[in-house]
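Okay, here's what each chain looks like letter by letter:
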Amino acid sequence: MQIILAKMQREQFFEALDTVIQSPKRFAVVSHVNPDGDAIGSSLAFAQFLKKFGHEAEVMVSNDFPDFLAWMPGACNIHIYDKASETCDQILNVADVLVILDFNHSSRSGLIQETLNKLNTKKILIDHHRDTDLSQFFCALSETNVSSTSELVAEVVMHYGEQYLDESIATNLLVGIMTDTGSFSHSIYHSETLAICAKLIDKSISYNQIHQLVYDTFSEGRLRLLGYSISNKMEVLDEYATAIIALSKEELAQFNYQVGDTEGVVNFPLNMKKIRMSVLVTERQGIIRLSFRSKGNFSVHELANKYFNGGGHTNAAGGTLTCSLEKALELLHQVLPEYKEKLNQIG
Ligand code: 5GP
Ligand code: MN
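Remember, predicted model here, so these are calculated numbers, not experimental data.

Caption draft 1: Quick peek at the site of ligand 1. Ligand 1 sits among Arg108, His129, Arg289, Ser291, Arg293, Gly310, Gly311, Gly312, His313, Ala316, Ala317 and Gly318. The separation between a nitrogen atom of ligand 1 and a polar side-chain atom of Arg108 is 3.4 Å. In isolation ligand 1 offers 500 Å² of accessible surface; the protein chains occlude 80% of this area. Broken down by secondary-structure element, the contributors of at least two residues to the shell around ligand 1 are β10 (288-294), β11 (311-312) and β12 (316-321). Grouping the amino acids of the shell around ligand 1 by side-chain chemistry returns 2 nonpolar, 7 polar and 3 charged.

Caption draft 2: Summary view of the pattern of salt bridges. Enumeration according to the criterion identifies 13 salt bridges in this entry. The partner of Lys340 in a salt bridge is Glu239, and the shortest N-O contact between them spans 3.2 Å. Highlighted residues: Lys340 in helix α12 (residues 325-343) and Glu239 in the loop between β7 (234-237) and β8 (242-247), separated in sequence by 101 residues. In this structure Glu239 comes out as partly exposed when scored by relative accessible area, which is 44%. Notably, a salt bridge pairs Lys327 with Glu330, separated by 3.8 Å at the nearest N-O pair. With Lys327 and Glu330 both in helix α12 and 3 residues apart, the pair spans about one turn of that helix.

Caption draft 3: View of the coordination of the manganese ion (ligand 2). Those donors, Asp38 (OD), Asp102 (OD), His128 (NE2) and Asp180 (OD), are the protein atoms that reach the manganese ion (ligand 2), and they lie 2.2 to 2.4 Å from it. We note that the donor set of the manganese ion (ligand 2) lies within a single chain, spaced as D-x63-D-x25-H-x51-D. With His128 in the loop between β5 (122-127) and β6 (139-142) and Asp180 in helix α6 (residues 167-180), the pair connects residues that are 52 residues apart, well separated along the chain. Judged on exposure class, the residue His128 and its partner Asp180 are both buried.

Caption draft 4: Structural context of the environment of Leu111. Turning to its location among the elements, Leu111 is positioned in the loop between β4 (97-101) and α4 (113-118). Under the relative-accessibility criterion, Leu111 is labelled partly exposed at 47%. Linking Leu111 and Phe138, residues 27 residues apart in sequence, is a C-alpha distance of 23 Å. Not counting the four nearest positions on each side in its chain, Leu111 is found in contact with Ser62, Tyr81 and Asp82.

Caption draft 5: A look at the domain arrangement of the chain. Here the chain is partitioned into domain 1 (2-215) and domain 2 (220-343). If you average the C-alpha positions of domain 1 and of domain 2, the two centres end up 27 Å apart. Opposite the 9 residues of domain 1 that make contact, domain 2 presents 10 residues. Between domain 1 and domain 2, roughly 780 Å² of surface is buried when both sides are summed, and carbon and sulfur atoms account for 49% of that area. Our count for the contact surface shared by domain 1 and domain 2 stands at 0 salt bridges. Counting across the interface, domain 1 meets domain 2 through 2 residue pairs in polar contact (both at pLDDT 80 or more).

About the criteria used
Residues numbered from 1 in each chain as written. Chains lettered and ligands numbered in written order. Predicted model: local features only at pLDDT ≥ 70, side-chain atom pairs only at ≥ 80, totals over all residues. Heavy atoms only, no water. Near = heavy atom within 4 Å. Polar contact = N/O pair within 3.5 Å; in protein donor to acceptor, adjacent residues only side chain to side chain. Areas by Shrake-Rupley, 256 points an atom, 1.4 Å probe, with all protein chains shown as cover. Helix = DSSP H or I, 4+ residues; strand = E, 2+ residues; numbered from the N terminus. Nonpolar A, V, L, I, M, F, W, Y, C, P; charged D, E, K, R; others polar. Salt bridge = Lys/Arg side-chain N within 4 Å of Asp/Glu carboxyl O. Buried < 20%, exposed > 50% of the residue type's maximum accessible area, 1.4 Å probe, protein only. Donors = N, O, S within 2.8 Å, 3.2 Å for Na, K, Ca; no water. Contact = heavy atoms within 4.5 Å. Domains from an automatic or database assignment. Buried area = accessible area lost by both parts, 1.4 Å probe.

Written out as structure tokens, the structure is:
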């Protein structure tokens, strides 16, 4: 049944997309706040794909992306709303079509939300998050059972023909799939993901180089922060098969914190066999960010959604609180007993 629905959705999506890409248009491609490899990779690739059909396509995100993504083909042309809001608003206001990639609710667009909500422009969605309200989109390719939005964009490009897949598009999409699967260690639900990657690797710059450019770029401060987080700050709660790492503003500053430096820290506690959920709590400018990761069918999406104003996927989710770091940790400890049974289940 699910397969039939997915097939119908694709047919409808491609039929609608065909009508949009037939004649030259101005596209604004928007992705989520605190952009990651999938947000940047899928957006750049989709904009580059649109340009092949003679369209104008501008990519924008609310705030800057981490330095380890800055080398990506076309990244220097991305508009950052918190640095150039007027230009961004202008692009959004004159766009014929808005493309929403790697998020499904306007609240995830950060500072772009206000303008997005005002516009009546035709919207196209390509995304792998759950609970999408499809009614607001002209057409949508919304599937949760895929590794990443980049995988869906790869499918779109291939649908039109492999001749549209060039080195830049292939490289950007590989970054998206590689980062959203933790270098192919999770979120792989079918062999198609790897079949697509095989095609991308044939066209991209060297995969080894891509991996190195994304992952082997730590500053000394970042690596020491990782060591400190695990060695000094990791709280292991055996009773809940959970590990929590909390980092204050001062601690981040001590390691000369740069945007993206805590990326990946939350994954390490899961390396312990006994751990089912890992939570990283960081104090940012005026807010507390929480990052959740889990193994198996324990849904961090549910937890993040119910208590931490967030959500995401079964095994990776995020949330935000506007309180002190201490209060955030208090809340986290308070809600754990509700999940004790599920956290201690196998599977
Ligand atoms: P991260 O921990 O890397 O910030 O986020 C993990 C995943 O959770 C992301 O891929 C994103 O899809 C999702 N996510 C992160 N923060 C939020 C949030 O505040 N709201 C929702 N709905 N999803 C989030
Ligand atoms: Mn994603």
